[in-house]
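Architecture and fold: a report
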Amino acid sequence: MKTIVFLALTAAITASSAASAADVVDQAPTAPVAEVAAPAFSWSGPYFGVHGGYGWADAEVGGVIDLSGFDGGRFGGFVGYNWDLSNGLVVGVEGDVNYDWNDRSVGDADEIGTDWSGSVRGRVGYALDRTLIYAAGGWTAANAYVNDPVFGDDETTHGWTIGAGVDWAVVDNMFVRAEYRYNDFGGVSLSDVDVDFDQHVINVGVGVKF
């Protein structure tokens, strides 16, 4: 009888030990899963977009008369290319074409102003991931004109532009923009009268990058 009891206890102890060992195997910790870091956002590559805004222009006529009030809306498009450099530095080149509703009356009938304009600018900026803060400057031109009931004249001005802005990538291939620009269109002769134009501009726009 004692032998039977001893064998039964031994079998129970052995089964309990085997179950405990199985539990230890089942509860063994799993290896940690390596996390893959998302690639850093890049501003490199070509892009294009559209913008609109408002311009405030002034003119000096004949070197004597200062005229203001050449204010109006504007609409245009832009295209460019960026290169990412080290430590967040971004450089690029951009061109744009715009139509400005900049005109005013002079005297009883004369109308003077600018309409078509464009520029080619170099850009340098600093990228904070999806935010690009930049400054830009280069060459600009505009079509200046004068109209009255008897005659009209228009000429292309050539000058310089400088400004700054912010591009923010909403998604990987689309960004929104806000910028300020100063345009010095230089002097032009309209109906044998020398006229100098300059302009302050605020633009907002949306672009697509590749």
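Structural notes, computed from the coordinates. (Residues numbered from 1 in each chain as written. Predicted model: local features only at pLDDT ≥ 70, side-chain atom pairs only at ≥ 80, totals over all residues. Heavy atoms only, no water.)

Brief notes about unusual backbone geometry
Leave glycine aside and you will find that most residues have negative phi; peptide bonds, for their part, are mostly trans. Phi angles above zero are rare outside glycine, and N87 is one such case at about 55°. Its relative accessible area of 72% is what places N87 among the exposed residues. Despite not being glycine, S191 shows a phi value in the positive range, around 55°. By secondary structure assignment, the location of S191 is in the loop between β7 (174-190) and β8 (193-209). (Buried < 20%, exposed > 50% of the residue type's maximum accessible area, 1.4 Å probe, protein only. Helix = DSSP H or I, 4+ residues; strand = E, 2+ residues; numbered from the N terminus.)

A look at the environment of S119
Tracing the backbone shows S119 in strand β4 (residues 110-128). We classify S119 as buried; its relative accessible area is 3%. Through-space distance from the C-alpha of S119 to that of N183 is 9.4 Å; in sequence the pair is 64 residues apart. Discounting residues that sit within four places of it in the chain, S119 has contacts with E94, G95, D96, W139, T140, T161 and R181. A distance of 3.4 Å separates polar atoms of two side chains, one belonging to S119 and the other to R181. (Contact = heavy atoms within 4.5 Å. Polar contact = N/O pair within 3.5 Å; in protein donor to acceptor, adjacent residues only side chain to side chain.)

Quick look at a nonpolar patch on the surface
Nonpolar side chains collect at one region of the surface, where V50, F75, W101, W168, V170, V171, M174, V176 and V206 lie side by side and expose about 790 Å² of accessible area between them. When contributions to the nonpolar patch are tallied by element, the ones reaching two or more residues are β6 (152-171) and β7. Examined against the element boundaries, V206 turns out to sit in strand β8. Residue V206 is classed as partly exposed on the basis of its relative accessible area of 35%. (Patch = residues over 30% accessible without salt bridge, like charges linked within 9 Å, V, L, I, M, F, W, Y side chains within 5 Å. Areas by Shrake-Rupley, 256 points an atom, 1.4 Å probe, with all protein chains shown as cover. Salt bridge = Lys/Arg side-chain N within 4 Å of Asp/Glu carboxyl O.)

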